[in-house]
Amino acid sequence: MAAASGGYADLLKAPHAARLLIGTLIGRLPNGTGPIAIMVFTRAEGASYSLAGALAAVYGVGNAVGQPLLGRAVDLYGQPRVQLPAALVSALGMALLVATGTEPLLLTYLAVAVAGLFTPPLEGGLRALWPRVLGGEERVHRAYAMDAVAQEIMFTVGPLMVTLLVSLWSPAAAVLLINAVGVLGALSVVLSEPSRTWRSAPREAHWLGALRSPGLLALLGSFFFVGLAMGSITVAGIAYAEDHGNESVYGWLMAALGLGALVGGVVYGARHWAGAPERRLRLLVGLLALGYLPLTLTPGVAAMTALAALAGVFLAPAIACAFIVVDRHAPRGTVTEAFSWLVTTFGVGAAAGTAVAGPVVQHSGTVASFAVAPASGFLALLVLMATQRVLGVPRRGAPHPGEVVAASENDRNGADEPGFSARHQA
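Residues numbered from 1 in each chain as written. Predicted model: local features only at pLDDT ≥ 70, side-chain atom pairs only at ≥ 80, totals over all residues. Heavy atoms only, no water.

**A look at the environment of Val-267**
Following the sequence through the fold, Val-267 ends up in helix α12 (residues 248-269). Expressed as a C-alpha distance, the spacing of Val-267 and Gly-7, which sit 260 residues apart in the sequence, is 9.7 Å. (Helix = DSSP H or I, 4+ residues; strand = E, 2+ residues; numbered from the N terminus.)

**Side note on helix α7 (residues 122-134)**
The terminal C-alpha atoms of α7, which comprises 13 residues, lie 18 Å apart, in line with the 18 Å expected from a rise of 1.5 Å per residue. Where α7 bends most, at Ala-128, the angle is about 30 degrees, and the proline Pro-131 comes one to four residues later. Turning to α7, its buried residues number three or more, namely Leu-122, Glu-123, Gly-124, Gly-125, Leu-126, Arg-127, Ala-128, Leu-129, Trp-130, Pro-131, Val-133 and Leu-134. (Expected span 1.5 Å × (residues − 1). Bend = angle between axes of the 7 residues up to and from the residue. Buried < 20%, exposed > 50% of the residue type's maximum accessible area, 1.4 Å probe, protein only.)

**A look at the confidence of the model for the protein**
Per-residue pLDDT for the protein has a mean of 83; in total, 88% of the residues score no lower than 70. Within the protein, helix α19 (residues 407-413) has the poorest average pLDDT of any element, 35, and helix α5 (residues 80-100) the best, 96. Note that pLDDT drops below 50 for residues 396-426; the model gives that stretch 72 contacts with residues more than four away or on any other chain. (pLDDT = per-residue confidence, 0-100. Contact = heavy atoms within 4.5 Å.)

**Some points on the packing of α5 against helix α9 (residues 171-190)**
Direction vectors running N to C along α5 and α9 enclose 175 degrees, while the axes themselves pass 9 Å from each other. In this view, α5 runs roughly antiparallel relative to α9, as classed from their interaxial angle. Residues Pro-80, Gln-83, Leu-84, Ala-87, Leu-88, Ser-90, Ala-91, Met-94, Ala-95 and Val-98 of α5 form the contact with α9, whose participating residues are Ala-172, Val-175, Leu-176, Asn-179, Val-183, Ala-186, Leu-187 and Val-190. Residues belonging to the contact of α5 with α9 are distributed by class as follows: 15 nonpolar, three polar and no charged. (Axes fitted to C-alpha atoms, helices over the stretch in contact; angles between N-to-C directions. Parallel < 35°, antiparallel > 145°, perpendicular 65-115°, else oblique. Nonpolar A, V, L, I, M, F, W, Y, C, P; charged D, E, K, R; others polar.)

**A closer look at α5**
With 21 residues, α5 extends 30 Å from end C-alpha to end C-alpha; this agrees with the ideal 30 Å at 1.5 Å per step. Directly after α5, the chain includes Gly-101, whose backbone phi takes a positive value near 65 degrees.

**As for the pattern of salt bridges**
Counted by the stated rule, this structure contains eight salt bridges. Notably, a salt bridge pairs Arg-142 with Asp-10, separated by 3.8 Å at the nearest N-O pair. In this pair, Arg-142 sits in helix α8 (residues 137-168) while Asp-10 sits in helix α1 (residues 2-12), placing the two residues 132 residues apart along the sequence. Residue class for Arg-142 comes out buried when judged on its relative accessible area of 3%. For Asp-10, a relative accessible area of 24% corresponds to the partly exposed category. Residues participating in the shared-partner salt-bridge network are Arg-28, Glu-123, Arg-127 and Asp-147. (Salt bridge = Lys/Arg side-chain N within 4 Å of Asp/Glu carboxyl O.)

**What to know about the packing of aromatic side chains**
Applying the stated criterion to the full structure yields six aromatic pairs. Consider the rings of Tyr-144 and Phe-339, whose centres lie 6.0 Å apart with planes at 70 degrees: the pair is edge-to-face. One end of the pair, Tyr-144, is in helix α8; the other, Phe-339, is in helix α16 (residues 335-364), with 195 residues separating them in the sequence. Neither residue differs from the other here; Tyr-144 and Phe-339 are each classed as buried. Ring centres of Phe-224 and Phe-225 lie 5.3 Å apart, and the angle between their planes is 80 degrees; this geometry places the pair in the edge-to-face category. Here the aromatic residues Tyr-144, Phe-323 and Phe-339 are joined through ring pairs into a cluster of three or more. Between the NZ or CZ atom of Arg-127 and the centre of the ring of Phe-323, over which it lies, the distance is 3.6 Å. (Phe/Tyr/Trp six-rings, centres within 6.5 Å; stacked < 30°, edge-to-face > 60°. Lys NZ or Arg CZ within 6 Å of the ring centre and 35° of its normal.)

**Some thoughts on the environment of Pro-277**
Within the element layout of this structure, Pro-277 appears in helix α13 (residues 277-292). Taking the C-alpha atoms as reference, Pro-277 lies 9.7 Å from Phe-323; in sequence the two are 46 residues apart. If we ignore the near neighbours within four places in the chain, the residues touching Pro-277 are Cys-321, Ile-324, Val-325 and Arg-328.

**Notes on the nonpolar core**
In terms of nonpolar packing, the biggest core is built from 79 residues, with Trp-130, Leu-134, Phe-223, Leu-281 and Tyr-292 touching the most fellow members. Broken down by element, the residue count for this core peaks at twelve residues, all from helix α11 (residues 214-243). In terms of nonpolar packing, the next biggest core, distinct from the first, is built from 14 residues, Phe-41, Leu-51, Tyr-59 and Leu-97 among them. (Core = buried A, V, L, I, M, F, W, Y, C linked by side-chain atoms within 4.5 Å.)

So this is what it looks like as structure tokens:
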């Protein structure tokens, strides 16, 4: 069986696969480091923590709004026409932030809003390309797991890069360099043959776009609470570190969460999974919620770090499985938009989690703040359980993942052809 014998190395041997994955990760560095880069730079400019946090929040809101809108534009006009211009505008927004500092304040807010709003939807775009690049459905599903693993690496390495660049040069140089590198990553992706020739399947004109799918709405409702759980842990982790008088403890907890997700994603992607992914997703989200429960014990640092690693194990598998469910429920011609909605919903949930956990820490203490994560996880499971009939009926006549049609194949076979047929199989 390919999944058992080849693993991720087999996927990366496919033409264009390694370039697309690496280019996407590099292109997403500005997004992965955006909030921390904004806070570090504005603090160096003399801004208060409140202003720095507000600017980071504006960036996050802009990102949440822009991702699905740009994803819809990608589905309509193709990747190169949207991804690269968006990356350039986003980088220019961050350059404007560096040029103006925090005065005038209105221009500063405008700069971070533009940077967030025009962050290119490279993550959703990559998942739309995998069927074209990899062929078989099973290989595409493993690629989703590989994506989730790669994301954990990026969100671990990205903040470390910001810290290193700040120490070597300055906060301004860190912001400019990371965004310049991000543009190069986007350029690498859009110049590749799969990106240039990718076309979305024909779509029905509808103002709701991907959101007209009941199954997708159910999934988004669940993953809002998954994001909320993750956001609450970041705040609870800070409170735990302060309780133990060592700020570095927070870094260890976050690294352990990432390590757990990395291990879980590797194991999940190394085997073939039978049965409906919707049913499997319920199991994974339930295990994710259970994994968060032991964090409420708040033992010593070594034990707490081990519990954090355990808590992260089922995150990457749940995300990877969610992408498969998105593929099965997204209306034809909306695949990039649908993927972008999942990314946005998760991010909005994470922001809500930080907002919820803060007052909980203040009024009820660290243990109660860690309880927000399992409670949110079980709410995510409850949404999946309540909507299982809707999720159990994928859109009628759904093609294989990604609905990808290459331009050259459209010319030979007609624009109405489903995007992923038997001749694309590995």
